[in-house]
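# Structural features, examined
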Amino acid sequence: EEEIVDSFEVGVKGLVFGRSLRWALSLFDQKYSDFQVTSPSLLGSTSLIQNAASVDISGVEAEATWMVNDNFTLNGALAYIDSKYGDFKVAPCTDLQKSVTPTNCTQDLSGKRVDGNPPLTWNLGAQYKSALSGSRLALYLRGELVYRDEMQGTVAQDLRTVVNDYTLINASVGLLAADGAWDLSLWGKNLNDENYVSYY
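Residues numbered from 1 in each chain as written. Predicted model: local features only at pLDDT ≥ 70, side-chain atom pairs only at ≥ 80, totals over all residues. Heavy atoms only, no water.

### Some details on the overall build of the protein chain
Our working definition: By definition, any uninterrupted DSSP run of H or I lasting at least four residues is a helix, any uninterrupted run of E lasting at least two residues is a strand, and each is numbered from the N terminus. In this description the radius of gyration comes from C-alpha coordinates, and the expected globular size is given by 2.2 Å times residues to the power 0.38. Classification of residues uses two cut-offs on accessible area relative to the type maximum, computed with a 1.4 Å probe and protein chains only: under 20% is buried, over 50% is exposed, and between them is partly exposed. Contacts: residue pairs with any heavy atoms within 4.5 Å of one another. Each accessible area is a Shrake-Rupley result for a 1.4 Å probe, and residues are judged covered by the shown protein chains and nothing else. When charges are counted, neither His nor the chain ends are considered; positive counts come from Lys and Arg and negative counts from Asp and Glu. A charge is said to be at NZ when it belongs to Lys, at CZ for Arg, at CG for Asp and at CD for Glu.
Helix and strand counts for the protein chain come out as one helix and twelve strands. Ordered by position from the N terminus, the helices and strands of the protein chain form the series β-β-β-β-β-α-β-β-β-β-β-β-β. Relative to the globule expectation of 16 Å for 200 residues, the C-alpha radius of gyration of the protein chain, 22 Å, shows a markedly less compact shape. Overall size of the protein chain, expressed as C-alpha extent along the three principal axes, is 75 × 35 × 25 Å. When the 200 residues of the protein chain are sorted by exposure, 28% land in the buried category. Considering only intrachain contacts with a sequence separation of at least 6, the fraction spanning at least 24 residues in the protein chain is 55%. A total accessible area of about 13,000 Å² is found for the protein chain, and carbon and sulfur atoms account for 55% of it. Each charge sign in the protein chain was given a centre, from 15 positive and 25 negative side chains, and these centres are 6 Å apart.

The structure is reproduced here in structure tokens:
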């Protein structure tokens, strides 16, 4: 069945400290009916789409950018999202449940968190940019911290597919044309060599 959502959002944003700090805050609530869920088929090599009767997703998001001075900028964002199945009585089973009930196995996940949705996420970033004397070039340095909370990796809520929380460190150094026509950079992601699962 087609997926239908009623979505409500309210937000506010502003500029403070002589317009050097830009911030925004929003609250939202989404109510899905016939929420479409992708799960592995019984054959294991393909996927199927089914409907959860209802899903409720609500949360708060905030972000800010602060131009400390002409060269230095800080930015950050934070989100907390509560996403749960309101009614999902025919959810797919875990492998363990299938071993007990190999045919027509379903489980009731009503009230459980929707997979692939970490409750808390945030990031912090900083950039230093300076024009090179006697040229139309600018040098910049960027650094970033990214955090993702623990989440369930599969629809069936298998304990083996829980994705642990993790923090990544990313950074880049670059050379930028003053008119923005080109940007040459060297960047690195996950510089702290964090092991994490991106998807199941």
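### A closer look at the pattern of salt bridges
A pair can form between side chains of opposite charge whenever their charged atoms are brought close. We apply this condition: Within this document, salt bridges are pairs made up of a side-chain nitrogen of Lys or Arg and a carboxyl oxygen of Asp or Glu, the two lying within 4 Å of each other.
Here the structure, examined in full by the defined rule, presents six salt bridges. Here Lys31 and Asp29 are joined by a salt bridge, their closest N and O atoms 3.6 Å apart. By relative accessible area, Asp29 is classed as partly exposed at 22%. Lys89 is the salt-bridge partner of Asp87, the closest N and O atoms lying 3.0 Å from each other. What makes Asp87 partly exposed here is its relative accessible area of 25%. The exposure class of Lys89 is exposed, given its relative accessible area of 53%. Bridged by salt links that share partners, the residues Asp29, Lys31 and Asp56 form one connected network.

### Considerations on the packing of aromatic side chains
Quick note on the threshold: Stacked, edge-to-face and tilted are the three classes for Phe, Tyr and Trp ring pairs, Trp counted by its six-membered ring, which pair at centre distances within 6.5 Å; planes under 30 degrees apart are stacked, over 60 edge-to-face, the rest tilted. Here, a charge over a ring is recorded when the distance from Lys NZ or Arg CZ to the ring centre is within 6 Å and its angle to the ring normal is within 35 degrees.
Under the definition given, this model contains four aromatic pairs. Measuring from ring centre to ring centre gives 5.6 Å for Trp122 and Tyr147, while their planes differ by 15 degrees; the resulting arrangement is stacked. Taken together, the residues Trp122 in strand 7 (residues 120-131) and Tyr147 in strand 8 (residues 137-148) connect sequence positions 25 residues apart. Here Tyr147 falls in the buried class, since its relative accessible area comes to 12%. Positioned above the aromatic ring of Tyr140, the side-chain terminus of Arg142 is 4.5 Å from the ring centre.

### Structural notes on the side chain of Thr94
Here Thr94 is to be found in the loop between strand 5 (91-92) and helix 1 (95-100). The class for Thr94 is buried, based on a relative accessible area of 12%. The residues contacting Thr94, other than those within four sequence positions of it, are Gln107, Ala156, Gln157 and Asp158.

### A closer look at the environment of Val90
Secondary-structure assignment places Val90 in the loop between strand 4 (72-87) and strand 5. Judged by its relative accessible area of 45%, Val90 falls in the partly exposed class. Separated by 40 residues in the primary sequence, Val90 and Gln50 have C-alpha atoms spaced 9.3 Å apart. Once residues within four sequence positions are removed from consideration, Val90 is found in contact with Gln50, Thr106 and Gln107.

### Section: the confidence of the model for the protein chain
Our working rule: One confidence number per residue, pLDDT, is output by the predictor and ranges from 0 to 100.
Averaged over all residues, the pLDDT of the protein chain equals 92, while 96% of them reach at least 70. For the protein chain, per-element mean pLDDT is lowest for helix 1, which scores 87, and highest for strand 1 (residues 4-16), which scores 97.

### Description of a nonpolar patch on the surface
How we decide: A patch consists of residues exposed above 30% relative accessible area that lack any salt bridge, with like charges linked at up to 9 Å and nonpolar side chains (Val, Leu, Ile, Met, Phe, Trp, Tyr) linked at up to 5 Å.
Together, Val12, Val16, Phe17, Trp23, Leu25, Trp66 and Val68 line one region of the surface with nonpolar side chains, adding up to about 600 Å² of accessible area. Taken together, the elements giving at least two residues each to the nonpolar patch come down to strand 1 and strand 2 (21-40). Structurally, the position occupied by Val12 is in strand 1. Overall, the relative accessible area of 43% leaves Val12 in the partly exposed class.

### Notes on the pairing of strand 11 (residues 166-177)
So the rule is basically this: In short, DSSP must find at least two bridges between two strands for them to pair.
Pairing of strand 8 with strand 11, which is carried by twelve bridges, proceeds in the antiparallel orientation. Looking across to strand 11, one finds that Ala138 is bridged to Leu176. Here strand 11 hands over to strand 12 (residues 183-188) after five residues, with Gly180 in that stretch at a positive phi of 75 degrees.

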